[in-house]
Amino acid sequence: MSATPSATADSPQVAAQISEMRASWNRRLGVNLFAIVAISAYFAYPTWGRPEFGATVLSILPTAIGVALLMLVVNRWFVARQTRQIRDAAAGGRRG
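I will try to describe carefully the structure that is included in this document. (Residues numbered from 1 in each chain as written. Predicted model: local features only at pLDDT ≥ 70, side-chain atom pairs only at ≥ 80, totals over all residues. Heavy atoms only, no water.)

## A look at the overall build of the chain
- Helix and strand content of the chain: 2 helices and 0 strands.
- Counting every position in the chain, which comprises 96 residues, the buried fraction comes to 21%.
- Residue pairs in contact within the chain that sit at least 24 positions apart in sequence constitute 70% of those at least 6 positions apart. (Helix = DSSP H or I, 4+ residues; strand = E, 2+ residues; numbered from the N terminus. Buried < 20%, exposed > 50% of the residue type's maximum accessible area, 1.4 Å probe, protein only. Contact = heavy atoms within 4.5 Å.)

So this is what it looks like as structure tokens:
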């Protein structure tokens with residue numbers, strides 16, 4: 001089974017611009033996810049080595065996962081929005 005081509009093929013310049021923009025947003029997402037892990041570790045560190053460490057990590061985990069998922073959704077929304085803007089600009093500003 002062969003892959004079907006998209007309805008509109010991007011020119012090499014547009015494809016390169018979209019690829020560069022996506023790479024930039026992916027780097028931002030990586031840094032933000034690292035920050036969430038670092039902040040979670042900061043809040044869990046005072047209980048390191050004590051019996052309540054597990055409970056502390058389990059209390060932080062849902063919030064950290066929720067914020068990470070929210071960042072992922074917002075990141076992908078911005079990527080889709082900017083991709084559409086780049087394609088619209090390349091098409092002369094028309095929407096379709």
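## A closer look at the packing of aromatic side chains
- Counted under the stated rule, the structure contains 4 aromatic pairs.
- Considering the side-chain rings of tryptophan 48 and phenylalanine 53, the 5.0 Å spacing of their centres and the 80° angle between planes classify their relative orientation as edge-to-face.
- Relative to phenylalanine 78, the ring of tryptophan 77 has its centre 4.9 Å away and its plane inclined at 70°; by these criteria the two rings are edge-to-face.
- Connected via pairs of aromatic rings, a cluster forms that spans Trp25, Trp77 and Phe78. (Phe/Tyr/Trp six-rings, centres within 6.5 Å; stacked < 30°, edge-to-face > 60°.)

## Quick word on the environment of isoleucine 18
- Tracing the backbone shows isoleucine 18 in helix H1 (residues 12-44).
- For isoleucine 18, a relative accessible area of 5% gives the class buried.
- On a C-alpha basis, the gap between isoleucine 18 and alanine 80 in space is 9.9 Å, while along the polypeptide they are 62 residues apart.
- Apart from residues no more than four positions distant in its own chain, isoleucine 18 is found in contact with Asp10, Thr83, Ile86 and Arg87.

## Things to note about the nonpolar core
- Val14, Ile18, Met21, Trp25, Val79 and Ile86 together form the largest nonpolar core, which totals 6 residues.
- Where this core is concerned, the elements lending two or more residues are H1 and helix H2 (53-90).
- If you tally residues by element for this core, the top one is H1, at 4 residues.
- What valine 79 contacts, discounting residues up to four positions off in sequence, is Met21, Arg22 and Trp25. (Core = buried A, V, L, I, M, F, W, Y, C linked by side-chain atoms within 4.5 Å.)

## Here's the deal with the pattern of salt bridges
- For the structure shown, the criterion picks out 2 salt bridges.
- Close ionic contact of arginine 87 with aspartate 10 constitutes a salt bridge, the shortest N to O distance being 2.8 Å. Placement of the pair is arginine 87 in helix H2 and aspartate 10 in the segment before H1, with a sequence separation of 77 residues.
- On the basis of relative accessible area, aspartate 10 is assigned to the partly exposed category, the value being 29%.
- Taking the shortest distance from any N to any O, the salt bridge between glutamate 52 and arginine 50 comes out at 3.4 Å. (Salt bridge = Lys/Arg side-chain N within 4 Å of Asp/Glu carboxyl O.)

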